[in-house]
Amino acid sequence: MSEHDDGFRAFVTAQWGPLTRTAFLLTGDRGAAEDLVQSVLEKAHRRWSRILRSDAPEVYVRRAMVNTAISWRRRKRFAEVPLLPADDTPADDQYGRVDDRQQLLAALRRLPPRTRAILVLRYFEDLSEADVAAVLGCSTGSVKSQASRGLARLRDHVVPTSLQEDPA
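Here goes a summary of the coordinates provided. Note that this is a predicted model, so its numbers are computed, not measured.

Calculation criteria
- Residues numbered from 1 in each chain as written.
- Predicted model: local features only at pLDDT ≥ 70, side-chain atom pairs only at ≥ 80, totals over all residues.
- Heavy atoms only, no water.
- Axes fitted to C-alpha atoms, helices over the stretch in contact; angles between N-to-C directions.
- Helix = DSSP H or I, 4+ residues; strand = E, 2+ residues; numbered from the N terminus.
- Parallel < 35°, antiparallel > 145°, perpendicular 65-115°, else oblique.
- Left-handed = near helix turned anticlockwise from the far one by under 90°.
- Contact = heavy atoms within 4.5 Å.
- Nonpolar A, V, L, I, M, F, W, Y, C, P; charged D, E, K, R; others polar.
- Phe/Tyr/Trp six-rings, centres within 6.5 Å; stacked < 30°, edge-to-face > 60°.
- Buried < 20%, exposed > 50% of the residue type's maximum accessible area, 1.4 Å probe, protein only.

1. Points about the packing of helix α6 (residues 113-124) against helix α7 (residues 129-136)
- As a packed pair, α6 and α7 sit with axes 9 Å apart at the nearest point and diverge in direction by 135°. As the angle between them shows, α6 and α7 are arranged oblique. Read as a crossing pair, α6 and α7 show a hand that is right-handed. Contacts between α6 and α7 involve Arg114, Ala117, Ile118, Leu121 and Arg122 from the first element and Glu129, Val132, Val135 and Leu136 from the second.
- Grouping the amino acids of the contact of α6 with α7 by side-chain chemistry returns 6 nonpolar, no polar and 3 charged.

The structure is reproduced here in structure tokens:
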């Protein structure tokens, strides 16, 4: 086992959870999220020594995830037939937060891929506007304007459970 492989293994061990969470928010599906992370990490492993020279492996991998997710969405893989129900139905749960979360995830899935990526990186991954711009290769102003428009669209589609009328 080389030092190269040890460094990559340590990176994957430390970043698997955050990368999978980001991938889920980008794809809206747990299986697709794991596929996305594995696909990107497989590509990153082949270029690992070059990625380490840039001193920002997290930025490289996140950017590759966003680009791959957008690419996958454009291709729309029709060959897959889900065997289990999708995550887009609200969980049968007595707590409003679960319904709010499902509603937010459904609204997030309706956003264009780049806007979704900006919101995920900015608000779920808590990156600064400058960091999001670096990951996506765009200007900070672009991040600000797309985040603003994306948040407005989310507000239009998400009504917190506490504000909904009680059916009883």
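2. Here we look at the packing of aromatic side chains
- Tallied over the entire structure, the rule returns 2 aromatic pairs.
- Taking the centre distance of 5.0 Å and the plane angle of 80° together, the rings of Phe8 and Trp48 count as edge-to-face. With Phe8 in helix α1 (residues 3-27) and Trp48 in helix α3 (residues 48-53), this residue pair connects regions lying 40 residues apart in the sequence. Assigned by exposure class, Phe8 and Trp48 land together as buried.
- Centre to centre, the rings of Phe11 and Trp48 are 5.0 Å apart; their planes meet at 50°, and the pair counts as tilted. Of this pair, Phe11 sits in helix α1 while Trp48 sits in helix α3, and the two are 37 residues apart along the sequence.
- Looking at Phe11, the relative accessible area reads 7%, which means it is buried.

All quantities given are derived from atomic positions and should not be read as evidence of function.
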